[in-house]
Amino acid sequence: MRILVLEDDAMVAMLMEDLLRDLGHEVEGPVSSVDEALNRIDNATFDAAILDVHLKGADSYAVASKLKSKGVPFAFATGYNAADLDDEYVDQPILPKPFLRSDLKRLLQTALAPKS
Amino acid sequence: METAAGIYARIMFSDAVSLVDPQLSDLQKAMLDATPDCIKVVSVDGKLLTMNRAGCVALNVPETSGFGMPWLSLLPEDVRPAGMEALRLAAAGQNARFGGKSISPIGTVYWDNLLTPLIGAGNQVLSILCVSRDVTEKTLLERQLEEAVQREKLLAGEMRHRIKNIFSVVSGLISIAEKQAASADTTDTATDILRGKLDALSRASDAIFARQTGGWRDADPVDVALVVPSVLQPYGDRCTVIGNSVLTRRDSMTTFALFLHELATNSVKYGALSRDEGNVLIRWVASDSTIDLTWIETGGPPVWATPKHRGFGTEMVDRMVRSAQGTINRTWCPEGLMVNLHVPNIYTSSPS
């Protein structure tokens, strides 16, 4: 699968990218801003997305909303739990931060797995 | 109904006393004038009939005015609706209470107003007694307490966020240290590498907190000029830092500190800091929108060519810079490595 990664922490972005590649996936990005993520949705092709919720000075809900309208599966990567997410997204899959390789693997095999 | 506690529920008169023109003995008047409470009698239709000295001072009414003016018109506009409601209740024979305030040259005074109807023999309300107590001190203390509680809540939330974040960073550092140790270009153990990185971040964090430039929220500003020397402090005067003070977001500092730490570690192994006579000059010019930093090594082992092999640390730094939407260039001058870093300064005061 090709996964869009939106993450503004350089270190976390790098680790996420490495883990995804280790797990045999391709990475779109990582991108660190809402604008860049929206741009990739318009101009790139990918199967799923992982979005950091709290970006520097912004949140990623605008990206979530666009992915939702396009039917692209996505998960939030966050240090918080579902209760801290916007009401609209409480049922969205979550990658808890800090995450392990096994957390990421499970997420990709379940919530973000391509529908067959 | 709100009950006016601590005073008469109602004041009954056995015969028709004329309260429209109350006559007080000198002693009674002296007693009334001695209290700091404002005591007044108001007609059922809200006109001020009489008032003690404290009341006259508070409402700026001459004691010789003869009164007769509408009482509420003497109060600030924003407390009049509550006063009107209290007057209505008192005129209907009930007790009432409302919080008021008066504004005088010495400042705003907050009042607790207790209204008690004066009831005649025929059970009709003759007039209304209003006792107002200065509760300014209490009101201000209550506000301060409320603000302190709010601040406390905010701080607790931020602390929770920070702790989460620290775990996240440490978890990331562990992964990086493992990878770095496993790479071919080092003999250091993962623990050594991790300790080095944690020390660098810890010094940066100390520098930020010690100078109290704010920095307890991610979006709070911290000074680049504090962070750079703190990360490079172990190398003493072999690193010269020259740069201006400029604010950046606290959460950008992790990347920045790791970047400097990586360059320094590399220099200790292969570059200027590996020789006693080697030095590094770090200069930066930063503005609200960009940070341009130059790292210049001199006095190290002579550089003959651009190294073919790129180490894990170099790779990591490059990717982190890219991820921060920055650019990095390495120039292998004969006298040593020169690194040019250009990153946007994402400093915005909006909450994250």
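Scroll up a little and you will see the structure.
Residues numbered from 1 in each chain as written. Chains lettered and ligands numbered in written order. Predicted model: local features only at pLDDT ≥ 70, side-chain atom pairs only at ≥ 80, totals over all residues. Heavy atoms only, no water.

Caption draft 1: Spotlight on the pattern of salt bridges. Scanning the model with the defined rule gives 26 salt bridges over all chains in all. The residue Lys97(A) makes a salt bridge to Asp52(A) at a minimum N-O spacing of 3.0 Å. Of the two residues, Lys97(A) is situated in the loop between β7 (94–96) and α4 (101–109) and Asp52(A) in strand β3 (residues 48–52); the sequence distance between them amounts to 45 residues. Across the pair Glu262(B) and Lys197(B) runs a salt bridge, and its minimum N-O distance is 3.0 Å. Of this pair, Glu262(B) sits in helix α7 (residues 253–269) while Lys197(B) sits in helix α5 (residues 190–210); the two residues are 65 residues apart in sequence, bridging distant segments of the chain. A residue is classified by how much of its surface remains accessible, and Glu262(B), at 5% relative accessible area, is buried. For Lys197(B), a relative accessible area of 1% translates into the label buried. Each of the salt bridges in this network shares a partner with another, and the network as a whole consists of Arg2(A), Glu26(A), Glu28(A), Glu36(A) and Arg40(A). (Salt bridge = Lys/Arg side-chain N within 4 Å of Asp/Glu carboxyl O. Helix = DSSP H or I, 4+ residues; strand = E, 2+ residues; numbered from the N terminus. Buried < 20%, exposed > 50% of the residue type's maximum accessible area, 1.4 Å probe, protein only.)

Caption draft 2: Expanded view of the environment of Met253(B). Residue and element names in this part refer to chain B. In this structure, Met253 sits in helix α7. As for Met253 and Ala204, which are separated by 49 residues in sequence, their C-alpha atoms are 7.8 Å apart. Residues contacting Met253, with those up to four places away along its chain left out, are Ile208, Val222, Val224, Val227 and Thr248. (Contact = heavy atoms within 4.5 Å.)

Caption draft 3: Examining the packing of aromatic side chains more closely. Residues and elements named next belong to chain A. Taken as a whole and assessed by the stated rule, the structure comprises seven aromatic pairs over all chains. A centroid spacing of 5.8 Å and a plane angle of 75° characterise the contact between Tyr61 and Phe76, whose relative ring orientation is edge-to-face. Of the two residues, Tyr61 sits in helix α3 (residues 61–70) while Phe76 sits in strand β6 (residues 74–78), which places them 15 residues apart along the sequence. Overall, the relative accessible area of 14% leaves Tyr61 in the buried class. Relative to Tyr89, the ring of Phe74 lies with its centre 6.2 Å away and its plane at 70°, an arrangement referred to as edge-to-face. Pair noted here: Phe74 is in strand β6 and Tyr89 is in the loop between β6 and β7, with a separation of 15 residues, a long-range link. Tyr89 shares its class with Phe74; the two are buried. Through successive ring pairs, a cluster of aromatic residues spans Tyr61, Phe74, Phe76 and Tyr89. (Phe/Tyr/Trp six-rings, centres within 6.5 Å; stacked < 30°, edge-to-face > 60°.)

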